[in-house]
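Summary of structural features
Spelled out from the first residue to the last, the chains are:
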Amino acid sequence: MKAIKHIGLVLFIIGLAIFTGTLFTGSFSLTEAELNAFIASKDYKSELIKGELKQATVTNEHLNIFEFSSRVRNAYESSNKHYDALIAKYDEEKNWDKKGEQYQYKIYGKPHTLSYEIAKKAGSGFVKENAGFLWWLTFGLGIIGALLFILPNLVLLGRPGIKNNHIYHQASTNRGWIAWLVLVYLVVFYLLLYFYPDYVVNWTFILDPISKFLNGGPASQWFVYGFLYCVIMIVMAVRMYIKYRHNKYQIIRTTSVLFFQIVFAFLIPEIMTSLNMPGYDFKNAFPLDYDFFFEWNLDSLRESGAIGLFILVWGIVLTLIIVPVMVYFFGKRWYCSWVCGCGGLAETLGDPYRQHSNKSLNAWKLERWLIHSVLVFSLIMTLVTLYCYFSGAEAFLGIKSQWIKDTYSFLIGAWFAGVIGTGFYPIFGNRVWCRFGCPLAAYLGLVQRFKSRFRITTNGGQCISCGNCSTYCEQGIDVRAYAQKGENIVRASCVGCGICSAVCPRGVLKLENGPEKGRINPTEILLGNDVDLMDLVNQK
């Protein structure tokens, strides 16, 4: 069995190495006709940008993606600097006609996005011409290798029970050198995805055939991300099925997050796009779906007719009615552990790292301040955006709409949710984003804490203080402290994953949905009885 695991590890590393190595392959250049067609499709008015792009892309040199992207970005920036200078000049001269004229010559959009669009058209080479073969060399080898590494565990586990043997003795699961390598790779991956998509254009060539089959168009960096997301969750779900195979709750929960990620978050949006409809993830609720009320999205929905109106109404109803009602009956676990894609990745890919979640009081204080600050930030951003959208103003109470949207997208949408939230799994645990940053989790948690039938009940009389429950709580809750006192756990951060109950050797913990009055802590009742007893003594 060990030989099979070793073979699987080698195959996985080969597939990952080839996948990474494709970034450095291929050549990029455009013919003059191809460049003119691209400029016409973008409706660029400036002759300057035409000359800059021609100099950057129309060449007989075989440029790699890094050289090509650098030239294209410089072309855009050089053109815009020229017109920014003219705008400033005419503004100083109060020549409003000339100033207004210059705006039509500027190039709007992020340089890396524009560079990606040209790179997609300019690329050539072995990867692009052999996409199917490269898929098997990268995704294929990676999937086969990972499964060969995982499947022998089914035999090695033997008797029923959840095994975490040697989890603190392995470099991959105890913040060792392997964990740090994984962190570095994940962080670099997210940095490329968000800020340098033009550098990963070869990855999109590999998935072009699949993208064209699903939505009729070539793959984007977000299609690569969505496809990778689904593949990783499926492979790591196999590990979950093996590890928790004797726990029905975990089997059903894992199946649920797989279904919602693959069908709702990936396939349905792609199919909708192929039908010229907005590609919408119907399970995504505001404010996790923070750009739902952005101008571009509202305009897109308005222009999409009946389906656009339905999506708009559905999004509002989901946030204001369905979410709180479901939390009242089932707690935030219905979304965070059964539906959410972020939670699904955390529970599958992140399961080996759940023991790293900080359980200290200071972490709990930071969690409460940080996650609720992000929630307030998202609400203020949305308020400013909607006011400016309907009023036509650029700012609300001095806050510029574009500035606050860009700031939130950069700090929260990219860095916190992506780079930190997933990249830091191996060192800080698998629910960094869910615990400290997700505004929807904060919203769900407020409802769960004060108005929900869900709680984890405990039986303090049977607790042997082994600490398994606290060790494997991904949300940083010291479950043992509650269990020892026989208190129900009603913490706002609890996502009801049920792992604390699964690893308890005495069956002390139980996930329940019952009457709200059942949420009263036993210690409060005991304290009340002590007070009554003292009253009787004093009366005598």
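Residues numbered from 1 in each chain as written. Predicted model: local features only at pLDDT ≥ 70, side-chain atom pairs only at ≥ 80, totals over all residues. Heavy atoms only, no water.

Observations regarding the overall build of the protein
How we decide: Only runs of H or I of at least four residues qualify as helices and only runs of E of at least two qualify as strands under DSSP, and these elements are numbered from the N terminus. Only C-alpha atoms enter the radius of gyration, while the globule expectation follows 2.2 Å times N to the 0.38, with N the number of residues. For every residue, the accessible area obtained with a 1.4 Å probe (protein chains only) is divided by the maximum for its type, and the residue is called buried under 20%, exposed over 50%, and partly exposed between those limits. Note on contacts: a residue pair is in contact if any heavy atoms of the two residues lie within 4.5 Å. For the area figures, the Shrake-Rupley method with a 1.4 Å probe applies, and any residue is considered shielded solely by the protein chains shown. Here the positive residues are Lys and Arg and the negative ones are Asp and Glu; neither His nor the chain ends is included. Charge positions come from single atoms, namely NZ of Lys, CZ of Arg, CG of Asp or CD of Glu.
When helices and strands are tallied, the protein shows 26 helices and six strands. Taking 540 residues into account, the globule formula puts the C-alpha radius of gyration at 24 Å, and the protein, at 27 Å, falls close to it. By principal-axis analysis of the C-alpha atoms, the protein measures approximately 95 × 65 × 40 Å. Across the 540 residues in the protein, those meeting the buried criterion constitute 49%. Within the protein, contacts between residues at least 6 apart in sequence are counted, and of these 75% link residues at least 24 apart. As displayed, the protein has an accessible area near 26,200 Å², and 64% of this comes from carbon and sulfur atoms. The average position of the 51 basic charges and that of the 39 acidic charges among the side chains of the protein differ by 12 Å.

Focus: the confidence of the model for the protein
Rules: Per-residue confidence from the prediction method is given by pLDDT, with values spanning 0 to 100.
Taken as a whole, the protein shows an average pLDDT of 90; of its residues, 94% reach a score of 70 or greater. Contacts of residues 525–534 to residues separated by more than four positions or lying in other chains number one contact, the stretch itself having pLDDT below 50.

Comments concerning the packing of helix H3 (residues 47–57) against helix H4 (residues 65–92)
Going by this rule: Fitted lines through C-alpha atoms serve as axes, helices being fitted only where they are in contact, and the angles separating the N-to-C directions of these axes extend from 0 to 180 degrees. An angle counts as roughly parallel when it lies under 35 degrees, as roughly antiparallel when it exceeds 145, as roughly perpendicular when it falls between 65 and 115, and as oblique in every other case. Take the far helix as the reference: if the near one is turned anticlockwise from it by less than a right angle, the crossing is left-handed, and if turned clockwise, right-handed. Under the convention adopted here, Pro, Cys and the residues Ala, Val, Leu, Ile, Met, Phe, Trp and Tyr are nonpolar, Asp, Glu, Lys and Arg are charged, and Gly plus all remaining residues are polar.
As a packed pair, H3 and H4 sit with axes 9 Å apart at the nearest point and diverge in direction by 160°. Classed by the angle they form, the pair H3 and H4 counts as roughly antiparallel. The hand of the H3/H4 crossing is right-handed. In contact with Leu48, Ile49, Glu52, Leu53, Gln55, Ala56 and Thr57 of H3, H4 contributes Phe68, Arg71, Val72, Ala75, Tyr76, Ser78, Ser79, His82 and Tyr83. Of the residues belonging to the contact of H3 with H4, the class tally is nine nonpolar, five polar and two charged.

Thoughts on the state of the cysteines
Here is the rule: Our working definition of a disulfide is a cysteine sulfur pair at a distance within 2.5 Å.
Applying the stated criterion across every chain yields a total of zero disulfides. The thiol of Cys230 is not disulfide-bonded; the next cysteine sulfur, from Cys342, is found 13 Å away.

Here we look at the UniProt feature "transmembrane region" (unreviewed entry) in the protein
Quick reminder of the rule: UniProt positions are given in the numbering used here, feature names are shortened, and annotations may be inferred rather than shown by experiment.
When the UniProt feature table is mapped to this numbering, "transmembrane region" (unreviewed entry) covers residues 7–28, 133–156, 177–196, 222–242, 254–272, 306–330, 369–390 and 410–428. Each end of residues 7–28 is marked by a C-alpha atom, and these two atoms are 36 Å apart; helix forms 68% of the span and strand 9%. For the annotated span residues 369–390, helix accounts for 100% and strand for 0% of the residues, and the straight-line distance between the end C-alpha atoms is 32 Å.

Focus: a nonpolar patch on the surface
Condition: Patch criteria: residues need more than 30% relative accessible area and no salt bridge. Like-charged residues are merged within 9 Å; nonpolar side chains of Val, Leu, Ile, Met, Phe, Trp and Tyr are merged within 5 Å. By salt bridge we mean one thing: a side-chain nitrogen of Lys or Arg within 4 Å of a carboxyl oxygen of Asp or Glu.
A surface patch of nonpolar side chains, about 540 Å² in accessible area, is lined by Ile316, Leu320, Ile321, Val325, Phe329 and Phe330. Here Phe330 is to be found in helix H15 (residues 306–330). Given a relative accessible area of 38%, Phe330 falls into the partly exposed group.

Topic: the pairing of strand S5 (residues 454–458)
Here is the rule: Any two strands are treated as partners once DSSP identifies two or more bridges connecting them.
Burial of S5 is extensive: five of the five residues sit out of reach of the surface. Alternating residues of S5 divide into Phe454, Ile456 and Thr458 and Arg455 and Thr457, and every residue in both groups is buried. In this structure, S5 lies alongside strand S6 (residues 509–513), joined through five bridges in antiparallel fashion. Following the sheet pairing, Ile456 is matched in S6 by Leu511.

Focus on the environment of Ser70
Structurally, the position occupied by Ser70 is in helix H4. Overall, the relative accessible area of 34% leaves Ser70 in the partly exposed class. Linking Ser70 and Phe292, residues 222 residues apart in sequence, is a C-alpha distance of 32 Å.

Quick look at the side chain of Gln250
Within the fold, Gln250 resides in helix H13 (residues 248–274). Note on Gln250: relative accessible area 1%, which makes it buried. If we skip the residues at most four places from it in the chain, Gln250 touches Tyr244, Cys497, Gly498 and Ile499.

Some remarks on the environment of Val200
The topology assignment puts Val200 in the loop between helix H10 (177–195) and helix H11 (201–215). Exposure remark for Val200: the relative accessible area of 2% places this residue in the buried category. Each C-alpha atom of the pair Val200 and Trp433 lies 25 Å from the other, and the pair is 233 residues apart in sequence. Once residues lying within four places of it in the same chain are set aside, the contact partners of Val200 are Leu23, Leu192 and Gln221.

Brief notes about the packing of aromatic side chains
Applicable threshold: Here the aromatic set is Phe, Tyr and Trp, taking the six-membered ring for Trp, and pairing holds for ring centres within 6.5 Å; pairs whose planes are under 30 degrees apart are stacked, those over 60 apart are edge-to-face, and all others are tilted. A ring is considered to have a charge above it if a Lys NZ or an Arg CZ atom is located within 6 Å of its centre and within 35 degrees of its normal.
Counted under the stated rule, the structure contains 47 aromatic pairs. Between Phe416 and Trp433, the ring centres sit 5.6 Å apart and the planes meet at 70°, which makes this aromatic pair edge-to-face. With Phe416 in helix H19 (residues 401–420) and Trp433 in helix H21 (residues 432–436), the pair connects residues that are 17 residues apart, well separated along the chain. Taken as a pair, Phe416 and Trp433 share a single burial class, namely buried. Sitting over the ring of Phe149, Lys5 keeps its end group 4.1 Å from the ring centre. For the cation-ring pair, Lys405 lies above Phe294, with the distance from its terminal atom to the ring centre recorded as 5.3 Å.

Focus: the pattern of salt bridges
All told, the structure shown has 23 salt bridges when counted by the stated rule. Here Asp351 ties to Arg239 by a salt bridge, and the two come within 2.8 Å at their closest N and O atoms. One end of the pair, Asp351, is in the loop between helix H17 (341–348) and helix H18 (361–391); the other, Arg239, is in helix H12 (residues 221–243), with 112 residues separating them in the sequence. On the basis of relative accessible area, Arg239 is assigned to the buried category, the value being 18%. Across the pair Arg455 and Glu512 runs a salt bridge, and its minimum N-O distance is 3.9 Å. Of the two residues, Arg455 sits in strand S5 while Glu512 sits in strand S6, which places them 57 residues apart along the sequence. For Arg455, a relative accessible area of 6% translates into the label buried. The class for Glu512 is partly exposed, based on a relative accessible area of 24%. Members of the salt-bridge network, linked through shared partners, are Arg239, Lys243, Arg253, Glu347, Asp351, Arg354, Arg431 and Glu474.

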